[in-house]
Amino acid sequence: GVIDPILKALNEEGYTHPTPIQEQSIPILLSGKDLLGCAQTGTGKTAAFAIPILQHLFKNKRTEVGKRKIKALIVTPTRELAIQIGESFTTYGRYTGINNTVIFGGVKQLAQTQALRKGVDILVATPGRLLDLIDQGFISLRDVELSVLDEADHMLDMGFIHDIRKIINKLPSKRQSLFFSATMPPEIVALSHKILGNP
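Just so you know, the residues in each chain are numbered from 1, in the order the chain's sequence is written. Where totals are concerned, whole chains, interfaces and linings use all residues; where local detail is concerned, this predicted model gives features only for residues with pLDDT of at least 70, and gives and counts side-chain atom pairs only at 80 or more. Based on all heavy atoms of the structure, the side-chain values leave hydrogens and waters out of the count.

S.K.: Please clarify how empty space enclosed by the protein should be interpreted in this entry.
M.R.: It is a probe the size of a water molecule, rolled over the atoms, that shows where empty space is left. Two kinds of site are reported from a 1 Å grid over the protein atoms alone, namely cavities, where a 1.4 Å probe fits but cannot get out, and pockets, open sets with protein on both sides within 12 Å along at least five of seven lines, and residues are called lining when an atom falls within 4 Å of a point. Grid points are joined across faces, edges and corners, and a volume is the space filled by probe spheres set on the points. By the definition in use, this model includes one cavity of 30 Å³ or more. For the lining of the largest cavity, the secondary structure elements donating two or more residues are β2 (72–75), β5 (146–149) and α8 (161–170). Looking at the lining of the largest cavity residue by residue, the classes come out as 10 nonpolar, one polar and one charged. To qualify as a helix, a DSSP run of H or I must reach at least 4 residues; to qualify as a strand, a run of E must reach at least 2; elements of each kind are numbered from the N terminus. Note on residue categories: nonpolar means Ala, Val, Leu, Ile, Met, Phe, Trp, Tyr, Cys or Pro, charged means Asp, Glu, Lys or Arg, and polar means any other residue, Gly included.

See below:
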């Protein structure tokens, strides 16, 4: 059920068979349901959510005038992961016309805010910098249709739980939510209940 512009990019990357997490996730996500995924790093998880997100945005391309609004938000704990996820979106989405921007702390924000000003379809962010730029007025989450919390257990370990709650409170209640974690300790299960509707 994956559309041709994305299949073309996947073929060029040499992808022929989906990994288990991709095989299980992609049909569920294409149908618009929320998802709770338990997957280690390196299992092909990024493609499991990136492909359906790109497809959703491509099929629902707005004829809106004006700059692009953030339609998908991916929150991940580290800059390395954020950069990797952004590169994956660029790779799989190269024929879709859908763009993405990655924001993270530890660097000056100018290049990031300039990209945001131009308009972004998909935003990949670490929690601290995301909240910082929301507070400064550079980011609005009111148009988000899909949200992904990636490596949720790592975010908990890194002390991001309060930031995550703040971010969730800023998202529209009507959205598709994806939640990925390598482990499922009780705090993660409790957090997933707050974010997901009948996953």
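That was the structure; now back to the text.
S.K.: How should the side chain of Asp121 be read in this particular structure?
M.R.: With respect to the element layout, Asp121 can be found in the loop between α5 (110–118) and β4 (122–125). Once residues within four sequence positions are removed from consideration, Asp121 is found in contact with Leu57, Arg68, Lys69, Ile70, Lys71, Ala72, Gly97, Ile98 and Asn99. Any two residues whose heavy atoms approach within 4.5 Å at even a single point are treated as in contact.

S.K.: Got a minute to help me understand unusual backbone geometry in this structure?
M.R.: Most of the time, phi is negative for any residue but glycine, and the peptide bond is trans. With a phi close to 55°, Glu151 is a non-glycine residue in the positive phi region. At Asn198, a residue that is not glycine, the phi angle is positive and equals roughly 50°. With respect to the helices, strands and loops of the structure, Asn198 is situated in the segment after α9 (186–195).

S.K.: Help me understand the packing of helix α3 (residues 45–59) against helix α4 (residues 79–92), please; the structure alone is not making it clear to me.
M.R.: To describe two helices that pack against each other, one gives the angle between their axes and the distance between the axes. Simply put, an axis is a line fit to the C-alpha atoms, just over the touching stretch for a helix, and the angle between two N-to-C directions goes from 0 to 180 degrees. One can describe the packing of α3 onto α4 by two numbers: an axis separation of 10 Å at closest approach and a directional angle of 50°. Put simply, α3 runs oblique to α4. Classified by chirality, the crossing of α4 by α3 is right-handed. Listed contacts from α4 to Thr46, Ala47, Phe49, Ala50, Ile51, Ile53 and Leu54 of α3 are Ile85, Ser88, Phe89 and Tyr92. Of the residues contributing to the contact of α3 with α4, the split by class is nine nonpolar, two polar and no charged. Roughly parallel means an angle under 35 degrees; roughly antiparallel means over 145; roughly perpendicular covers 65 to 115; every other angle is labelled oblique. Crossings are classed by handedness, with left-handed meaning an anticlockwise turn of the near helix from the far one by less than a right angle and right-handed meaning a clockwise turn.

S.K.: Help me out: how do you make sense of the sheet that holds β4 in this one?
M.R.: Whenever strands of a sheet pair, they do so through backbone hydrogen bonds, lying parallel or antiparallel. In space, the six strands of this open sheet follow the order β1-β6-β5-β2-β4-β3, with parallel pairing throughout. The open sheet has two free edges, formed respectively by β1 (35–38) and β3 (100–103), since each of these has just one partner strand. Averaged over all adjacent pairs, the angle separating strand axes in this sheet is 15°, with direction ignored. Any two strands are treated as partners once DSSP identifies two or more bridges connecting them. Pairing of β1 with strand β6 (residues 176–181) involves four bridges; the strand directions are parallel. Bridge pairing in β6 links Gly37 to Phe180. Here α3 sits on the sheet and contacts β2, β4, β5 and β6; the angle it forms with β5, its principal contact strand, is near 170°.

S.K.: Please explain the nonpolar core as it appears in this structure.
M.R.: Most often, soluble globular proteins have nonpolar side chains that are buried together. Nonpolar cores were defined as sets of buried Ala, Val, Leu, Ile, Met, Phe, Trp, Tyr and Cys residues, with membership established by side-chain atoms within 4.5 Å. Exposed residues in this analysis have more than 50% of their type's maximum accessible area, buried residues have under 20%, and partly exposed residues fall in between, with area computed by a 1.4 Å probe over protein chains only. Core analysis: the biggest nonpolar cluster contains 32 residues, and Phe49, Ile51, Ile53, Ile74, Phe89, Ile122 and Val124 have the highest contact counts within it. At the level of elements, α1 (4–12), α2 (20–30), α3, β2, α4, β4, β5 and β6 are the ones that each hand at least two residues to this core. Looking at this core, the element that brings in the most residues is α3, giving eight residues. Sequence-distant contacts of Phe49, defined by excluding residues within four places in its chain, comprise Leu29, Ile74, Ile85, Phe89, Val148, Asp150, Leu178 and Phe180. Residues Val75, Val120, Leu149 and Ala152 belong to the second largest nonpolar core, which totals 29 residues.

S.K.: I'm lost on the pattern of salt bridges in this one. Help?
M.R.: Two side chains carrying opposite charge are able to pair once their charged atoms lie near each other. Whenever a carboxyl oxygen of Asp or Glu lies within 4 Å of a side-chain nitrogen of Lys or Arg, that contact is scored as a salt bridge. Enumeration according to the criterion identifies six salt bridges in this entry. Glu151 is the salt-bridge partner of Lys45, the closest N and O atoms lying 3.1 Å from each other. Note that Lys45 is positioned in helix α3 and Glu151 in the loop between β5 and α7 (152–157), a separation of 106 residues in sequence. We note that Lys45, like Glu151, is buried.

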